[in-house]
Amino acid sequence: MLFSNLRPRSSPASAPLVNTLSTFLRTYAVHARVGLDSLKPAKDSWRNAQRLGRGDSSGRGGTSGRGHKGLKARGGAGSKVPQWSEGGQTPLTRRYPKRGFWNIGRQHFQPVPLSRLLSWIQQGRIDPTRTITTRDIVDSRLVHGLTKAQGVKIVSDRRPITDLPPLDIVVSRASKEAVNLIDAAGGTITFKYYNRLALRQHLLPEKFIGREVKEAAPTKKRDILFYRKAAQKEEERAERRKQLLLGAPKEGAEAGVPPVEAQ
């Protein structure tokens, strides 16, 4: 072997240095000859697989470490027992009764009190001179995200509201009291339908540059009827406001636009 004849000198002072040099040179010589024929795994990086069913003296004979009988002692089904299995006992998910149900047609709209909207306008967070949309409400942090909501609903919290400017609002829903207060102040409110993708594009238009999606139309019957009826009522309110401006109000509409029906 290379450097096999290298021996430390008899001088006690130089013996450690010579031993270290000899070890380094031998290690370098061994690694210099590494090839495909000398590759092997690192020490203790693997171990031999257990041999099962090779006699009782091996410690894994007879039942091969699986015990006597039972489902887990079988060949195929023993490895497929669910973690929640309780054998023949009634499982926990069946011991407790079920209550209620999950309504797949449920719609959730983020409520926005009209008094809080007025407070945001007075603080300068929302500009009342331009159309107030769902995006303006979210950007002003009046509501925090619409992850699990289908839009925004303007509601009246029955607090006294004064000095409400004429607003032009475009949202998904609004309560009857809120619509009456906005109309009485000379404003307008329009209902607009958004599906999940269209609402995301409305809130984050920068993420849809070059791949814009068309505005969605309602597909469910109740949504179609609601937005159709809401559009008709909006036309009626616009006609009444026009007649008031012309000085020829209808009967019963002497002091403003009559209250609208529930939306």
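Scroll up for the structure.
Summarised in this report is the structure supplied together with it. Small disclaimer: the values here were computed from a predicted structure and weren't measured.

Section: the overall build of the protein
When helices and strands are tallied, the protein shows seven helices and five strands. Going residue by residue from the N terminus, the α and β elements of the protein occur as α-α-β-α-α-β-β-β-α-β-α-α. Counting across all 263 residues of the protein, residues that qualify as buried make up 26%. Nonlocal contacts in the protein, meaning residues at least 24 apart in sequence, comprise 51% of its contacts between residues at least 6 apart. Carbon together with sulfur atoms contributes 53% to the accessible area of the protein, which is approximately 19,900 Å² in total.

Thoughts on the pattern of salt bridges
Between side chains of opposite charge, pairing is possible as soon as their charged atoms come close. Considering all chains together, one arrives at nine salt bridges under this definition. A salt bridge links R135 to D139, with the shortest nitrogen-to-oxygen separation between them at 3.5 Å. Taken together, the residues R135 and D139, both in helix α4 (residues 134-139) and four residues apart, mark about one turn of the helix. Of the charged contacts, one joins R237 and E234 as a salt bridge, the two residues approaching to 2.7 Å between their closest N and O atoms. Taken together, the residues R237 and E234, both in helix α7 (residues 221-246) and three residues apart, mark about one turn of the helix. The same class applies to R237 and to E234, which are both buried. Through salt bridges with shared partners, a single network forms among D183, E234, R237 and R241.

What about the nonpolar core?
V112, L117, I137, L146, I154, I169 and I189 are the most contacted members of the largest nonpolar core, which totals 34 residues. Contributions of two or more residues to this core are made by α3 (114-122), α4, β2 (152-155), β3 (168-171), α5 (176-184), β5 (188-191), α6 (196-203) and α7. Here this core takes five residues from α3, the largest share from any one element. When neighbours within four sequence positions are excluded, V112 is seen to be in contact with L117, I137, L142, V143, V152, K153, I154 and V155.

Let's talk about α3
Taken together, the buried positions of α3 are occupied by L114, S115, L117, L118, W120 and I121. As for α3, its buried residues are in contact with β1 (110-113), β2, β3 and α5. Once α3 ends, the next one or two residues include G124, with phi positive near 85 degrees.

Quick look at the side chain of E234
Overall, the relative accessible area of 17% leaves E234 in the buried class. A polar contact of 2.7 Å, which involves the side chain of E234, links it to the side chain of R237. Of note is the side chain of E234, whose polar atom sits 3.5 Å from the side chain of R241. Those residues in contact with E234 that lie beyond four places of it in its chain are T188, I189 and R241.

Let's talk about the environment of A231
Position of A231 relative to the elements: it lies in helix α7. Relative accessible area serves as the criterion here: at 38%, A231 is assigned to the partly exposed category. Distance in space between the C-alpha atoms of A231 and F191 is 7.7 Å, their sequence separation being 40 residues.

Things to note about the packing of aromatic side chains
Tallying each qualifying case throughout the model produces three aromatic pairs. Seen from their ring centres, F191 and F226 are 5.8 Å apart, and the 55 degrees between their planes marks the pair as tilted. One end of the pair, F191, is in strand β5; the other, F226, is in helix α7, and 35 residues separate them in sequence. Per residue, the accessibility class of F191 equals that of F226, and both read buried. When the centroid spacing of 5.7 Å and the interplanar angle of 75 degrees are considered together, the rings of Y193 and Y227 count as edge-to-face. Of the two residues, Y193 sits in the loop between β5 and α6 while Y227 sits in helix α7, which places them 34 residues apart along the sequence. For the pair Y193 and Y227, one class covers both residues: buried. A connected cluster of aromatic rings, assembled from ring pairs, spans F191, Y193, F226 and Y227.

Procedures and definitions
- Residues numbered from 1 in each chain as written.
- Predicted model: local features only at pLDDT ≥ 70, side-chain atom pairs only at ≥ 80, totals over all residues.
- Heavy atoms only, no water.
- Helix = DSSP H or I, 4+ residues; strand = E, 2+ residues; numbered from the N terminus.
- Buried < 20%, exposed > 50% of the residue type's maximum accessible area, 1.4 Å probe, protein only.
- Contact = heavy atoms within 4.5 Å.
- Areas by Shrake-Rupley, 256 points an atom, 1.4 Å probe, with all protein chains shown as cover.
- Salt bridge = Lys/Arg side-chain N within 4 Å of Asp/Glu carboxyl O.
- Core = buried A, V, L, I, M, F, W, Y, C linked by side-chain atoms within 4.5 Å.
- Polar contact = N/O pair within 3.5 Å; in protein donor to acceptor, adjacent residues only side chain to side chain.
- Phe/Tyr/Trp six-rings, centres within 6.5 Å; stacked < 30°, edge-to-face > 60°.

Nothing here speaks to function; it is geometry throughout.
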